[in-house]
Amino acid sequence: MAQDLTGKLGLRRLRQSKTVRDLTQEVRVSHEQLIQPLFVVEGIKSREPIPGLTGVYRETPESLLKQIQADLEAGVSKFLLFGVPASKSESRFDSSFTAGQIAAIKNRFKDQVFLAVDVCLCSSTTHGQCGILTAENDHVDNPKTVEALALAALQYAKAGADCVAPSDMMDGRIAAIRAALDAANLDRTLIMSYSAKFHSRFYGPFRVAADSAPKSAGSNSLKDRSTYQIDPARPSDALLSSLRDAKEGADILMVKPGMPYLDILKELSQQIKKPWAVYEVSGEYAAIELLAKEGLIQAPLAHTEAWISLVRAGASMVITYGARNGRQWLAQRQES
Ligand code: PBG
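Below, the structure is looked at part by part.

The rules behind the values
Residues numbered from 1 in each chain as written. Predicted model: local features only at pLDDT ≥ 70, side-chain atom pairs only at ≥ 80, totals over all residues. Heavy atoms only, no water. Salt bridge = Lys/Arg side-chain N within 4 Å of Asp/Glu carboxyl O. Helix = DSSP H or I, 4+ residues; strand = E, 2+ residues; numbered from the N terminus. Buried < 20%, exposed > 50% of the residue type's maximum accessible area, 1.4 Å probe, protein only. Near = heavy atom within 4 Å. Polar contact = N/O pair within 3.5 Å; in protein donor to acceptor, adjacent residues only side chain to side chain. 1 Å grid on protein atoms, 1.4 Å probe; cavity = no way out; pocket = protein on both sides within 12 Å on 5 of 7 lines; lining within 4 Å. Sits in = over half its atoms within 2 Å of the grid points. Nonpolar A, V, L, I, M, F, W, Y, C, P; charged D, E, K, R; others polar. Contact = heavy atoms within 4.5 Å.

## Things to note about the pattern of salt bridges
Tallying each qualifying case throughout the model produces 17 salt bridges. Arginine 178 is the salt-bridge partner of aspartate 182, the closest N and O atoms lying 3.1 Å from each other. One end of the pair is aspartate 182 and the other is arginine 178, both in helix 5 (residues 173-183) and 4 residues apart, which spans about a single turn. Residue aspartate 182 is classed as partly exposed on the basis of its relative accessible area, which comes to 38%. Judged by its relative accessible area of 13%, arginine 178 falls in the buried class. For aspartate 237, the salt bridge identified is with arginine 234, shortest N-O distance 3.7 Å. On the accessibility criterion, arginine 234 (44% relative accessible area) is partly exposed. Salt bridges linked by common partners bring Asp168, Asp171, Arg173, Arg244, Asp245 and Glu248 together as one network.

So this is what it looks like as structure tokens:
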């Protein structure tokens with residue numbers, strides 16, 4: 001190592017030109033690693049922009065298919081779908097809207113698209129919590145919620161989802177979903193578990209998009225999701241829940257959010273040899289967009305720098321609202 005520091009230029013010898021810098025890169029990010037989230041909303045007349053998430057929309061069933069076509073042309077073929085049904089309930093959920101969208105996508109695009117589908121109840125409950133409440137209305141009931149999640153996951157898989165991605169943070173849902181899928185001979189459907197999902201304040205723009213903010217007023221005393229999502233100050237919990245989800249049959253594990261949790265991503269991906277996804281969540285993405293709007297940052301270069309940090313920390317795939325610009329932005333970075 002010492003000789004690197006010798007001579008007039010030392011370590012700067014390898015930074016002297018673009019060619020030498022390119023040649024010695026250790027981390028390379030390709031648009032093939034990026035997953036694009038999609039929102040499809042029942043009962044809206046035309047697609048709606050999402051504050052903070054430039055270029056991402058609450059799509060109608062019709063605009064959704066057009067958007068996917070455009071995404072394929074832009075080199076994006078991996079998606080994470082969020083269905084937002086019009087009717088809400090406390091315990092009886094209807095997954096037919098989302099299942100119908102999955103079937104429409106897969107019928108039209110077949111294996112050109114890899115379709116993962118988020119499995120959670122927060123867009124379906126009247127109160128915006130991620131599950132069914134206990135009789136006392138003061139807690140999310142774990143067994144009842146797991147049962148409802150497994151049913152939804154099964155319906156999504158039957159409709160043709162390549163992957164189901166439970167984001168609810170209930171205990172034991174991976175085993176329940178795997179069992180339900182296998183019993184229906186859907187043994188090839190992947191499970192991507194949001195295994196290290198933190199109780200974060202960076203989910204703001206998403207909750208507008210998915211109509212899923214927890215409502216504290218009304219019938220329950222739960223203000224937020226702190227009784228099921230991981231406390232940012234308890235990293236060991238992220239390891240325990242990821243180990244458990246791997247053991248229960250998750251194929252892909254995830255850290256969420258991304259940049260504020262790079263330490264977690266690095267440690268977990270080193271300790272658990274599974275494919276790791278990371279979710280660059282709505283608030284992280286919007287932060288870059290808002291800085292760019294103020295003229296304080298160059299958005300494409302800042303976005304690609306964020307992706308490099310996530311891959312460097314151990315992610316093999318990145319869920320990002322900018323996936324549909326990925327090919328162009330990464331090329332721009334290479335040219336800069
Ligand atoms: C649903 C879910 C959330 C996100 C993905 N799935 C929100 C939440 O838990 O409140 C957040 C994604 C983002 O902010 O981009 N449970």
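## Considerations on the site of the ligand
The environment of the ligand is made up of 18 residues, and the closest members are Lys197, Arg207, Lys256, Ser282 and Tyr321. Here arginine 207 contributes a side-chain N or O atom positioned 2.6 Å from an oxygen atom of the ligand. The cavity where the ligand resides is the largest cavity. Looking at the shell around the ligand, its residues break down into 10 nonpolar, 3 polar and 5 charged.

## What to know about the side chain of arginine 207
Mapped onto the elements, arginine 207 comes out in helix 6 (residues 204-209). Contacts of arginine 207, omitting those with residues within four sequence positions, involve Ser212, Ala213, Pro214, Arg225 and Gln229.

That's the geometry; what it means functionally is another story.
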